[in-house]
Amino acid sequence: MKEWFLSLQWFEHVYLWLGVASTLFLIVQIILMCVSSFGGDVDLDGDGEIDVDADSGVSIFTTKSITAFFAVGSWTGLLVCALASDKLQWLSIIIAIIAGLIAATAVVLLMRAIMKLQSNGILETEKLIGKRAVVYVTIPASRGGRGKITLDAQGKFMELDAMTEDGEKLACDTAVEITATEGECAIVRKV
């Protein structure tokens with residue numbers, strides 16, 4: 001092992017130490033992501049509120065993507081140096097850069113896919129107007145009280161409180177259309 005280490009050329013040493021450092025940093029990032037809510041957020045003034053969101057995961061220049069670039073690129077460069085002849089050592093730089101770019105792009109695409117899975121959970125009632133629903137709990141006539149409706153909206157199946165301005169009550173399993181919203185309550189009419 002000692003002979004191998006001493007036989008490395010200067011740029012192979014650069015690959016080796018860059019690979020070790022970036023891999024250790026990558027491991028630390030993964031551990032912090034798994035055991036805490038650490039994700040690059042920074043509280044600069046100590047007031048408990050996030051001042052900088054340094055690593056949202058959607059930009060190509062994030063700590064995750066840059067670390068992946070250096071980790072994969074440096075180990076790939078070292079491998080190419082070990083396999084190539086002395087005259088083709090310059091090729092290791094090009095291959096290392098390409099491998100690093102592929103790794104960084106993969107991390108960015110993965111983080112974007114993960115971000116798409118997130119939802120703030122806020123019901124946007126104004127987007128429900130015009131949607132069709134089914135009465136789940138009888139709705140009293142002329143805004144005489146609240147019932148419930150069910151519908152598919154905003155990518156999920158939901159149940160909402162509902163009232164009607166119609167002169168007759170709306171029984172269970174009646175098809176209705178949302179005409180307006182008041183807070184978290186839908187105003188419906190029979191279809």
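Residues numbered from 1 in each chain as written. Predicted model: local features only at pLDDT ≥ 70, side-chain atom pairs only at ≥ 80, totals over all residues. Heavy atoms only, no water.

### Describing the overall build of the protein
Then, in step 1: The secondary structure content of the protein amounts to four helices and seven strands.
Then, in step 2: When the helices and strands of the protein are placed in sequence order, the string is α-α-β-β-α-α-β-β-β-β-β.
Then, in step 3: Within the protein, buried positions represent 30% of all 191 residues.
Then, in step 4: Contacts in the protein between residues at least 24 apart in sequence constitute 52% of all its contacts with a sequence separation of at least 6.
Then, in step 5: About 12,100 Å² of surface is accessible on the protein, with carbon and sulfur atoms providing 65% of the total. (Helix = DSSP H or I, 4+ residues; strand = E, 2+ residues; numbered from the N terminus. Buried < 20%, exposed > 50% of the residue type's maximum accessible area, 1.4 Å probe, protein only. Contact = heavy atoms within 4.5 Å. Areas by Shrake-Rupley, 256 points an atom, 1.4 Å probe, with all protein chains shown as cover.)

### A short note on the side chain of Thr164
Then, in step 1: Turning to its location among the elements, Thr164 is positioned in strand S5 (residues 156–164).
Then, in step 2: Look at Thr164 and you get buried, because its relative accessible area is 0%.

### A short note on the pattern of salt bridges
Opposite charge on two side chains makes pairing possible when the charged atoms of those side chains draw close.
Then, in step 1: A complete count under the given rule lists seven salt bridges for this structure.
Then, in step 2: Among the salt bridges present, the one from Glu165 reaches Arg143, with a minimum N-O distance of 3.0 Å. Of this pair, Glu165 sits in the loop between S5 and strand S6 (175–182) while Arg143 is found in the loop between strand S3 (132–137) and strand S4 (147–153), placing the two residues 22 residues apart along the sequence.
Then, in step 3: For Glu165, a relative accessible area of 53% puts it in the exposed group.
Then, in step 4: Residue Arg143 is classed as partly exposed on the basis of its relative accessible area, which comes to 33%.
Then, in step 5: Three or more residues joined by partner-sharing salt bridges are found here, namely Arg146, Lys148, Glu159 and Asp161. (Salt bridge = Lys/Arg side-chain N within 4 Å of Asp/Glu carboxyl O.)

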